[in-house]
Every structure is written in C-alpha cells, then in structure tokens.
Amino acid sequence: MTISRRTTALAVLAVTSVLSVAACGGGGTTTGSGNGSATGSAAAGQKGGTVYWLTKRPAEHLDPQRTYIGRDLANENRLFYRDLVSFPVGKTGEEATKPVADLATDTGTSSEGGKVWKFTLKDGVKWQDGKDITCEDLKYGLSRGFATDVITGGPNYQLGYLDVPQKDGLPVYNGPYKKTGQADFDKAVACEGKTITYHFNKPWADFPLAIASLRSFAPYRADQDKGDQSNYAIFSSGPYQLQGTWQKGKGGTFVRNPNYDPKTDQTGRMALPDKIVITEGLTNEIINQRLIADSGDDKYAVTDRKIPGSMYSQIDSNPTVKSRSTLVNAPFVDYLLPNFNSDVMKNPKVRDALKLATDKTAYITASGGDKYGVPAKSIVNPDIVGYKDNAAFTGPDAGDTAAAKAMLQSAGVTLPVKIKYTYSGGTPESDNAAAALKQGWDKAGFSTTLDPLTDTYYDVIQNPNTKSDVYWGGWGADWPSAATVTAPLFDSRVNGVGTNPKSNGQDYGNYKSDAVNSLFDQAAKAADVQSAATVYAQADDQLGKDVAYIPLTVEKFYFLHGSGITGYAQSAATSGYPDLGSIGVKK
Amino acid sequence: MFAYVVRRIFVGVIMLFVMSLVTYLLFFAAPSDPARYTCGKNCSPELIEQNRKALGYDKPVLVQYGEFVKGVFVGREFPDDPELKKSAPETIASCPAPCLGYSPLQSATVTSLIAEAAPISISLAFMAFLMWMVFGISGGIIAALYKGRFADRALVGSALVVYSFPTFFIGLSLYIFVAIKWQLTPIPVYTPISEGGVGAWLSGLFLPSLTLALIYIAGYIRLTRAFVLESMGEDYIRTARAKGLPQRQIMGKHTMRAALTPIATVAGLDLGALLAGAIITETVFNYNGLGKLAVQAATTYDLPTTVGIVLVAAAFIITANIIVDVLYAVIDPRVKYS
C-alpha cells in the first residue's frame, strides 16, 4: 500500500505546539520488541463496558471485497468479518502473522505445487441473522471482486491468480451481477458441500497469508448485496454487529452479535467490551489531547493516529501519560528511487554515490526523531517472513560523504552533478527531511534541487516522462511476504515499464531488469513460503546491487491509549494498529 | 416589489446554471484523472478505462452536463447501465428529482449527502448568527454611547485582539482548554434534536458556534460602533435632541434605524455564506457539515458532490442577497423597488 505524507492540518499542528503545556518528570513508553509488537496495560480484562476508537481518516469502504486500508482490514477481521483463516490474537513476533484456522477447519491444504488450495468450513459458523455460512457464500464473496466496474477500490490479486482466462487485460468473468464468463469462474472456484477449492493459474504459496491479511476472500451473502450501495452495509459473521447505520465521517457503534458462537473461534478473539464506538474525523491533535487528559469516556479510548511531534515533550515529561504510550514498528518503509529514465541516474556509479551520500539519520531526525522511525536496511519491512538485511544498505546510517564524493569523481561526470529530488511535500517534516537529504548529497558533490509536490504525488511520478532524478516513496506490504513488496514495485512487466508510455504502475523509478523479473517468476513458482522468501531475498540483493532503491526508514507507530483499557496490544497481526481482539475495559 | 422579487429569483436560477456549468468545465480542466480516484492502488490502465466508462467520464463534458441537468428535473439512476439494470436491478441506485448526482466515492446520492450535512451547517450558522448579532450589536452600541471612555476602549481593543486570531486558533484553544483540559463543557458532538433533544443539541453547538461567533462579534462591534456614531452625528439626530426627545427614543427610533440598514446587509450576506459551511470550524470540531463535505469532495476529485455543494452554497448566497434587498425596504422606508 502506498502512503502519502500530505496533511491538511499543517496550521493546526503549528498551533498545537503553541498550545502544548509541558509538565515535569519522566516515564516509560511500552516499546515494541522490534518486530512490531507491543502490549501494555493489564494483560487480561473482563467482559463488559465500552471501548472507544478515536480516529481521523474515514473508512473508505466497509465492504470486505473493497477494503484496502490496514487499519480497516484488521478491525473488520476482529469485529465482524471472519475469514477462512486469520492471524491469531495475543501473539507476538513471527507467531503473530502465522495464520490459524478461523471459519475453516484448518489452514488449508495445497496440491499441484501450490496451484490448488482446499478449505473446509466448520460446523456452526453463522451470519448475524442465524443462517449458516456456506461454501456458496465464500464463492460469492470472491466473485464480487471480478465485478471491477461495481466493486471498485479493493485489492485485485484474485484477478491475476485465479485460473480465469483474460481478454484485453481483464478476466473474461465480470462478476456475479452480469455473470459473463460464469462457467470459467465456476471452474476456478468450486464448492463441494462445505469444501471450497481454488484453482490458480500459478502457484500461490502464501495464499493463507493473503486470506488472513485481506478481506477479498471473506464470505458474502448474495441476498445482502446491493453492489456499490452496500459499501457501508455490514452483515456480520464475527463477534460484533453494527448498531443502526454507519455514517461516513462520523463512525458507528458495534454491539454483540447474538449469533456468534465463540466455541467455533480458535483465533483468540476475546470479544471483551459489550460495545465498541468508532468515531471518525477528529484531528490528530484533538485525539491525543483527549488521551492525555484521560477523562470521562476517553479513559476507555484507543487510537490509530500517531502522536504529533509537537506533543512529544508533553508526554515525555509526564510519567503517567508516558506509561500509556506505545512505540512499535509500523508496516511502512520510506525509500528513495533513482529514476532510471534520467540520464544522470543511468550511470551506476552515480547511483552508488547517491546511496553512499544518503544520510538516513538526518532524514529521521528531521521527520520527528526516533519516534518517527529507525534506519531501514531494506525496502522489505523486518516483520515480513524471511526478512534479512540487504548487504548493499548496511553501511553507516549517516552516510559516507567522502566515499560518495570519491565514487562520483570516478563516475566520469562533471561535479557538481545536478539532480532534482521530487517528494511528497507540504508539511514542515517532509520539507525538513528533504533538506536533510539534500545537505548530505550536496556535500558529496551533487547539486540538489528540491521539488516538493503538495497536490497530487503518485499520479505525477507514475508518468515515465516526469523529469526528475530521484523520487521519494513509501510502501507497506499487503500481507507479510516479500511477494507484496519487491515484486509489485520492481517487476517491470507488471508495471508496464518500457511498454506503457503513460504509466510505470508502481515502478516509479522505471527500473527494468530481466534478471530480477526472472527471480520473481522463480519465487512465484515456489511451493512454500520459506523457499519463496529465499528467492525474493536474492531478488532484493540484486535490487540493492543495482541501487534500484535506497531504503530510508522503517516507520514507527507512537500511540497513546486511555488508562481504563485492558489487554492493549499492537502487533503485525493488525498491521501495528491496536488489536480489538484483546482490548477490554477496567471494571 | 413582487415583480422585483420574481425577477431576482429568475436571475438567481440562471446564475445557478452558469455556476454548475463552470464547475463542470473547471473540474475537467484539472490535470488529475477522476477515474483514477475510483480505482484501488493496483489499478491497471484497463481497469481505469473500465471505471471511466462505468462512471460516464468518457462522454463529452457537455453531454455529461446535459445528463446532470436532466437529472435535476426528472431524476436519474446510477449506474446508467441497462445490462446491469436487467441482470441485477438491486445494485441500481435511484436518485429522484431534484437529483444532483451520485458520488461513487461516498456510495450515496449527492442529495442525500447534502441532506445529512445541511442541518449541521445550518444549526451552526444560526446559533453563531444569534450570538454575534446579540453581542456584536449591543457591544457596538455600548462602545458608541461611551465613545472614548473605558468601556469603548475595552470593547474595541478586545474586538481587535479577537479579530486578529485565525478561526482555527480560537477553535482549537476553546476545544483543548475549555472542553478537554478544564472540562467546563462536554466534548462537543453534534446531536440532532430528534436524537438527544434541545438540550443536547444546544450543548453540542455551544463551542463551535462560539468559535464562529467570536470572530463575527469582533467585526460587528466595530461595524455597529462606526454606523451608530455616524448616525449620531447626523443633522436629524441633532434636531431630535434639540426638540427634547428622550435619549431612548432618539437611539431606538432614529439612530438605530439608520445604523441597522447597512448592518442588515452585511449580516445577511455573512449568514448566507456561513450556511454553506464553516470549513475550519467544522473540521476542528469534527462537525460533518457542508464545509467539511466540500473539502472532502474537492480533495478526492468527487465531481458530483463538488457540483452539488457549489450549487447549494450559491443558492444560499443568492437567497440571502434577495432577502437582504427586501429587508432594506422594510427597514428603510425611503427604499422603493419597482
């Protein structure tokens, strides 16, 4: 998932820094274990009470097949959309992202080298109206993603993986509404009693990881489907159901689903609070000021919004507040992309010099310090299965300008080398971070022009003809596998580099390598996750040698929660967001 | 007078059409692709093209505008896909006249979005209007009556200070200190009368309305003071004094009547503009009114919602203008319309 740093609350931030009142003392943040996990407050809670979730960004979709935001994917799974398999509640480290059976009896069986997957539904799993969840519901849910003119905005991996023929770049099956090509879909996804079988056109070793991370494969009841009008309609299969309607920009209230049977659920969902109230549209500053004040209902509140830098001193100096803060790895990695269409960046020595001159420490300091992130050694997040540091990026975090200058001098170019750096700007942090990078580069012999884009960003750098030498990027994996990091970002065939004159897809640096593409093919054919991870690591090594990217930072989530919260946890299972599967309130 | 009002309404309607057309043209002149915004991140060029067709963005701008105008009078259905209507009629959204379009990004008709947001902006605007008219005008009169004395200096001085602060500063200060830190008021949440009664409605409106009102109060104190002082210096006031009329009668009947005419004009226009949404105040207090909806629509290239809000905002301002012009004649008998 791409990320943008553009914010509309610049002025608000500035004012909040003025309004922030410093107290005195010191305290302790609950720090993540390095793999994106943190637990705070009392470990286990009691049933009852109300948990409040305060947030800014409205949910774009609550339709399982259209949801594509990490926070919403996690909350949907914990509250109202169960899947065949899910990530467990209450686990940390690698265990947090090891799928466990949820609606299915087990985590699935694969055959034909990972091209066929089978799952069998448990007995007793029901919808909120008491009807059984059936294999047909699973099949119908998946089919909706093929109606790409109605069910828009969601992940579309199923279009490329399911063994449904394609025509003019789109599958011949166009979803359950028009039903063109239905026979092809029926061949690819078959139901036999409670058993569903998926036929893919290539091996999908980490398919269970995709099911647990996304909601594309969640069941959907055909009689509840009104196409686009069902975007905010929630028909629950989980422990909670929506009370009344969801109001975009305001939120909604979830109460217990009487037809949810915890005996059918081995994921560890505790379903402690009687009610969960989600409020959207609040500013980061207001949310965190309310959590600092910790009064009334806010004692039972959690948030997915980072603490603004202007409030750090207010929190650091107050031990009571600091004890309610957590700092864990976020799923996002910031990185730089040399533009392979730029004359100067075609020279490998210039790219090497750029890498050597990049000061990650200064970038992080300018972005908000250690609470913003830690230096990254790869574009792959450390929470990804099979992660390893990329040897090309294990040099000094502050860069080595002397070595960079020497490299540039041997590159056969005239110094200073003029480069243009295009980034998603418009905030003091992003502009300061860009200035920090420029300082290191210029010291090494570059002459950098900063090009902040404040309106649209990815639309601009997606154009292969954009005249810039270096781009900023941000990425979070769709599921904890390198298959959703390096392949979608650097496979030139998928992104149309060199073939599509209008767009480079997500390969913003216009990188093209047959060797790397071949490694991606090899990894995709792997029958299991670990062997795929090994090949993806080889591809990452090659990307590092080519300086196809320069990793900057693994972002951090620095969150506050109320004093009345129990079982507070954040882990990679919920993309680093608070886990509603374990959270309760003190009685 | 009647003919004048009818003529003004007719011109107003023409203006609304012109504004909607200009919004359409401006929208399509922008460099961004609205179809791209309806597609997820892994969107291929083929999918974008498919969405463009499904949303009707592939048609010429004037054809799209024609369909929009038709929808205002006879209603529309979304998506306009005969095949889908035949195979899955439950997926077709009906938008009865006056249909302002369907927002694919909000999954709702624009009319319903505006109907949800308008009561919030209207409540906020009227509550703020009440506050600023009462305190602004009375403050201005006091300042004029005590010209050069402590009360005048204090009122004018504080008005200048408040006027210098941006709205978001006042809003955030009130929210953080009054509601969060000192807990003098509950956390402001808009509660419709139908859900929480008048008490909850008023309580929720207090801080955001005060935020808006403070800026206007400051302006109206200075405005009223200036107009009252100007009226007090008129010959007919001197004559009234010379005749021995009591001060209350001079102020109420002669001074205020003349001073109120320009204030009514400004107040009407201010209220009209505010009804279309107070962007900053609604954002700070998380009130999902027209202002917040407008920002959301503009930043996501949501054409139908943008056009709908532009029309509603323009309608408010045009209506306010007409009312102000009519009020002019009521307040000041010298004004005649033919």
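Residues numbered from 1 in each chain as written. Chains lettered and ligands numbered in written order. Predicted model: local features only at pLDDT ≥ 70, side-chain atom pairs only at ≥ 80, totals over all residues.

Q: Pulling in residues and values, what's your account of unusual backbone geometry?
A: A cis amide bond links L415 of chain A to the next residue, P416 of chain A, at an omega of -5 degrees. Residue placement: P416 of chain A occurs in the loop between α12 (401-409) and β18 (417-424). At the junction of A97 of chain B and P98 of chain B, the peptide bond is cis and its omega measures out at 0 degrees in the coordinates. By secondary structure assignment, the location of P98 of chain B is in the loop between β2 (93-95) and β3 (102-103). (Helix = DSSP H or I, 4+ residues; strand = E, 2+ residues; numbered from the N terminus.)

Q: Report on the interface of chain B and chain A, specifying residues and quantitative values.
A: Opposite the 37 residues of chain B that make contact, chain A presents 44 residues. Contributing elements (two or more residues each) for the side of chain B that touches chain A: α2 (45-55), α4 (82-87) and α7 (167-181) of chain B. The element best represented in the side of chain B that touches chain A is α7 of chain B, accounting for 8 residues. Looking at the side of chain B that touches chain A, its residues break down into 15 nonpolar, 15 polar and 7 charged. (Contact = placed C-beta atoms within 7 Å. Nonpolar A, V, L, I, M, F, W, Y, C, P; charged D, E, K, R; others polar.)

Q: Summarise the domain arrangement of chain B; cite the residues concerned and give the values.
A: Accessible area lost upon the coming together of the parts serves often as the stated size of an interface. All names here are of chain B. By domain assignment, chain B separates into domain 1 (2-111) and domain 2 (116-331). When each unit is reduced to the centre of its C-alpha atoms, the spacing between domain 1 and domain 2 is 34 Å. Facing 21 residues of domain 1, the contacting portion of domain 2 comprises 16 residues. Of all elements in the fold, only α1 (2-29) and β3 reach the threshold of two or more residues within the side of domain 1 that touches domain 2. For the side of domain 1 that touches domain 2, the class distribution of residues is 13 nonpolar, 7 polar and 1 charged. (Domains from an automatic or database assignment.)

Q: Which residues make up the packing of α7 of chain B against helix α8 (residues 193-232) of chain B, and what values go with them?
A: Residues and elements named next belong to chain B. Remark: α7 packs on α8, axes separated minimally by 9 Å, with the N-to-C direction vectors making an angle of 140 degrees. Relative to α8, α7 is oriented oblique. Here α7 and α8 pass one another in a crossing that is right-handed. In contact with T167, I170, G171, L174, Y175, V178 and A179 of α7, α8 contributes L207, L210, T211, L214 and I215. Taken together, the residues of the contact of α7 with α8 break down into 9 nonpolar, 3 polar and no charged. (Axes fitted to C-alpha atoms, helices over the stretch in contact; angles between N-to-C directions. Parallel < 35°, antiparallel > 145°, perpendicular 65-115°, else oblique. Left-handed = near helix turned anticlockwise from the far one by under 90°.)

Q: Outline the nonpolar core, supporting the account with residue identities and numerical values.
A: All names here are of chain B. Residues A128 and Y175 are the most contacted members of the largest nonpolar core, which totals 241 residues. No other element matches the 15 residues that α8 contributes to this core. If we ignore the near neighbours within four places in the chain, the residues touching A128 are S209, L212, A213, Y216 and L274. In this structure, C39, C43, L47 and L55 belong to the second largest nonpolar core, which totals 6 residues. (Core = buried A, V, L, I, M, F, W, Y, C linked by C-beta atoms within 7 Å. Buried ≥ 20, exposed ≤ 12 C-beta atoms within 10 Å, placed from the backbone.)

Q: Please set out the domain arrangement of chain A residue by residue, giving values where relevant.
A: Residues and elements named next belong to chain A. According to the domain assignment, chain A consists of domain 1 (50-276 + 561-585) and domain 2 (329-556). Taking only C-alpha atoms, the centre of domain 1 and the centre of domain 2 are 32 Å apart. It is helix α6 (residues 207-213) that contributes the most residues to the side of domain 1 that touches domain 2, 3 residues altogether. Residues of the side of domain 1 that touches domain 2, tallied by class, amount to 7 nonpolar, 7 polar and 2 charged.

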